[in-house]
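Next come the chains, spelled out residue by residue.
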Amino acid sequence: MTASHAQLSHPLRSQRLNQLTHQPHDRLEALVKSHEPFASRENFARFVTAQYLFQYDLQNLYNDPRLAQLVDDLPARCRVEAARLDLVDFGVPLPEGDESIRGRTLGVGAALAWIFVSEGSKLGAEFLFKKAAALQLDETFGARHLAEPAGGRAQGWKRFVKVLDGIELDAEQEREAEAAAIEAFERFAVHLERCFA
Ligand code: HEM
């Protein structure tokens, strides 16, 4: 589905980003499923490795004081530590992340767009968490990073979106945010391909 002009000019930034990333999301969802992450614990551990690398990319943004002023529990929302512990559960060595995303200085709009993708992925994670139960994985072993966040998925998402929709960006910053959201989806796909290679 191609986002129509009306959708892309929706007054809410979160809705515009939703529409803009509809196709990248569908592609990524299909890519995840094509690797059958729930076929075995070994496959699932590869998926967790990709999740770890993505959270590693985002770790500095989640801890950025400029952003924590806007979203008070932002540092606690990062799942790099949960994914690390999941990998420890599987006895899988930590992959070495690179600094190509972490090392950047992003404007607030682009930074929040990266976090938008990570926070949004917690919604789909509800389904993935349920499927992980078939592998006897849960919030205490192997699937911590998919577990429901404190305060609930929907509430955490709503609070984040309110901030995202409330900040003022100029046209240039708006474009940077849109590009960042798309890049974040592409980055996750790169991690997946690496981890299932
Ligand atoms: C790295 C980013 C993301 C990944 C890897 C990801 C992955 C997935 C996967 C694999 C599913 C299918 C779950 C299942 O049915 O078994 C899913 C569903 C879903 N995702 Fe994402 N997602 C990401 C980002 C987002 C974002 C940014 C949003 C919202 C803005 C979002 C919202 C949803 C919702 C609501 C579902 C539920 C089913 C649906 O409506 O399609 N996801 N996601």
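Preceding this section is the structure that the text describes.
For every chain, the first residue of the written sequence is number 1, and numbering continues from 1 onward in sequence order. In keeping with the predicted nature of the model, local features appear solely for residues at pLDDT of at least 70, side-chain atom pairs appear and are counted solely at 80 or more, and the whole-chain, interface and lining totals rest on all residues. Just so you know, side-chain values use all the structure's heavy atoms and leave hydrogens and water out.

Caption draft 1: A look at the coordination of the iron atom of the ligand. Just one protein ligand coordinates the iron atom of the ligand, and it is His-25 (NE2) at 2.1 Å. Within the secondary structure layout, His-25 lies in helix H3 (residues 22-34). Here a donor is an N, O or S atom found within 2.8 Å of the metal, or within 3.2 Å if the metal is Na, K or Ca; sites may look incomplete because water is not among the atoms. Strands here mean DSSP runs of E at least two residues long; helices mean DSSP runs of H or I at least four residues long; both are numbered from the N terminus.

Caption draft 2: Expanded view of the pattern of salt bridges. Any carboxyl oxygen of Asp or Glu that lies within 4 Å of a side-chain nitrogen of Lys or Arg is treated as forming a salt bridge with it. With the rule as written, the count across this model stands at 19 salt bridges. Salt-bridge contacts for Lys-33 lead to Glu-29; the nearest nitrogen and oxygen are separated by 2.9 Å. Of this pair, Lys-33 and Glu-29 both sit in helix H3, separated by 4 residues, roughly a single helical turn. For Lys-33, a relative accessible area of 49% translates into the label partly exposed. Linking Asp-98 and Arg-187 is a salt bridge whose minimum nitrogen-to-oxygen distance equals 3.1 Å. Categorising residues by exposure relies on relative accessible area from a 1.4 Å probe, with only protein chains included: less than 20% of the type maximum marks a residue as buried, more than 50% marks it as exposed, and the intermediate range marks it as partly exposed.

Caption draft 3: Looking closely at the packing of helix H8 (residues 108-132) against helix H10 (residues 171-195). Orientation of H8 relative to H10, taken along the N-to-C sense of each, is 35 degrees, at an axis distance of 8 Å. The element H8 and its partner H10 pack so that their crossing is right-handed. Contact residues: Gly-109, Ala-110, Ala-113, Trp-114 and Val-117 in H8; Glu-176, Ala-177, Ala-180, Ala-181, Glu-183, Ala-184, Phe-185 and Arg-187 in H10. Residues are grouped as follows: Ala, Val, Leu, Ile, Met, Phe, Trp, Tyr, Cys and Pro are nonpolar; Asp, Glu, Lys and Arg are charged; all remaining types, including Gly, are polar. In terms of residue class, the contact of H8 with H10 is built from 9 nonpolar, 1 polar and 3 charged. Angles run from 0 to 180 degrees between N-to-C directions of axes, and those axes are lines fitted to C-alpha atoms, restricted for helices to the stretch in contact. Crossings are sorted by hand: turned counterclockwise from the far helix by less than a right angle, the near helix makes the crossing left-handed, and turned clockwise it makes it right-handed. Should any heavy atoms of two residues lie within 4.5 Å, those residues are considered in contact.

Caption draft 4: How the structure looks around the environment of Arg-159. Structurally, the position occupied by Arg-159 is in helix H9 (residues 153-166). It is 32 Å that separates the C-alpha atoms of Arg-159 and Leu-94, two residues lying 65 residues apart in sequence. Non-local contacts of Arg-159, meaning those with residues more than four positions away in its chain, are made with Asp-72, Asp-73 and Arg-77. Here a polar contact is recorded for every N or O atom pair within 3.5 Å, except that within protein the pair must consist of a potential hydrogen donor and a potential acceptor, and residues adjacent in sequence are included only if both atoms are side-chain atoms. In terms of polar contacts, Arg-159 uses its side chain to reach the side chain of Asp-73, at 2.8 Å.

Caption draft 5: Structural context of the nonpolar core. Among the buried residues, those of types Ala, Val, Leu, Ile, Met, Phe, Trp, Tyr and Cys that are joined through side-chain atoms within 4.5 Å form a nonpolar core. Within the largest apolar cluster, 59 residues are counted, with the highest numbers of intra-cluster contacts made by Phe-44, Phe-47, Leu-61, Trp-114, Ile-115, Phe-160 and Leu-192. Sorting the residues of this core by element identifies H3, helix H4 (41-62), helix H7 (80-90), H8, H9 and H10 as the ones contributing at least two each. When residues no more than four places from it in sequence are discounted, the contact partners of Phe-44 are Pro-37, Phe-38, Phe-90, Ala-132, Leu-135, Leu-137, Gly-142, Ala-143, His-145 and Leu-146.

Caption draft 6: A look at the environment of Val-80. Summarising the element assignment, Val-80 is placed in helix H7. Counting along the chain gives 22 residues from Val-80 to Leu-58, while the straight-line C-alpha distance between them is 8.4 Å. Sequence-distant contacts of Val-80, defined by excluding residues within four places in its chain, comprise Tyr-52, Gln-55, Tyr-56 and Gln-59.

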